[in-house]
Amino acid sequence: MEEEATLVIIKPDGLKKSLTGNVLSRLSETKLKIIGSKVIKVNRDLAEKHYSHLKKEPFYPELIKYITGALHGENRVMALIYWGKGAIGKVREIAGTTNPEEAEPVSVRGAYGRILTTGLFENVIHASSSPSEAEREIKLWFDPGEIVMDLYPSRQVDLNLKTRVWQEK
Ligand code: UDP
Ligand code: MG
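Structure report, in brief.

Cut-offs used in this document
- Residues numbered from 1 in each chain as written.
- Chains lettered and ligands numbered in written order.
- Predicted model: local features only at pLDDT ≥ 70, side-chain atom pairs only at ≥ 80, totals over all residues.
- Heavy atoms only, no water.
- Helix = DSSP H or I, 4+ residues; strand = E, 2+ residues; numbered from the N terminus.
- Buried < 20%, exposed > 50% of the residue type's maximum accessible area, 1.4 Å probe, protein only.
- Phe/Tyr/Trp six-rings, centres within 6.5 Å; stacked < 30°, edge-to-face > 60°.
- Lys NZ or Arg CZ within 6 Å of the ring centre and 35° of its normal.
- Salt bridge = Lys/Arg side-chain N within 4 Å of Asp/Glu carboxyl O.

### Describing the side chain of H50
In this structure, H50 sits in helix α3 (residues 44-50). Residue classification places H50 among the buried residues on the basis of a relative accessible area of 1%.

Structure follows, in structure tokens:
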């Protein structure tokens, strides 16, 4: 088995239902390494890029509302990168299949997901589905400096950029 990275996102329903601990406990069964993690607000631009391949699907508008938090009044998500042998498959197995009603009852989606009356699968977590998707998604959600490994080639740039620092007391 290849060592690989995979992106996990605990979606707004997961945070709203206080499921982060449960999800992380389940994922720790894999013995994979967490090499990046953060809680962020998902804006429309990030949501549309993340789900760009689903743009033509009938559920796409609801899906964008879901991941940006509009359905839950909760726009935080937790993004994590797991690293190790067979990471993509191991995480997807614990996540369960996309449709929470068909997912193994003991999987995260089987245990905590539901289908909304609109038909949208509210399924608690995202997990990358292939190495190329994992790379695309990780580069979208994380900057190189936020990951404790040199996962993909990066370069140093000199930016004259405004940034926030802590104010002195
Ligand atoms: N989705 C949905 N209905 C579908 C297929 C997908 O509501 O028929 C939602 C669901 O939240 C899913 C997300 O769109 O997690 C992304 O779909 P994808 O096919 O990539 O499934 P995943 O990789 O998340 O299992
Ligand atoms: Mg997918």
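### Thoughts on the packing of aromatic side chains
In this structure the tally under the stated criterion is zero aromatic pairs. The ring of F142 has K38 sitting right over it, with the charged end atom 4.6 Å from the ring centre.

### Some details on the pattern of salt bridges
Per the counting criterion, the structure on display carries 10 salt bridges. Note that K65 and E62 form a salt bridge whose closest N and O atoms lie 3.2 Å from each other. Of this pair, K65 and E62 both sit in helix α4 (residues 60-67), three residues apart, which is roughly one turn of the helix. Under the relative-accessibility criterion, K65 is labelled partly exposed at 40%. Since its relative accessible area comes to 19%, E62 is described here as buried. E133 is the salt-bridge partner of R136, the closest N and O atoms lying 3.0 Å from each other. You can see R136 and its partner E133 sitting in helix α7 (residues 131-141), three residues apart, about one turn around the helix. Residues joined in a network through salt bridges with shared partners are K17, R114 and E122.

Geometric values such as these leave the question of function open.
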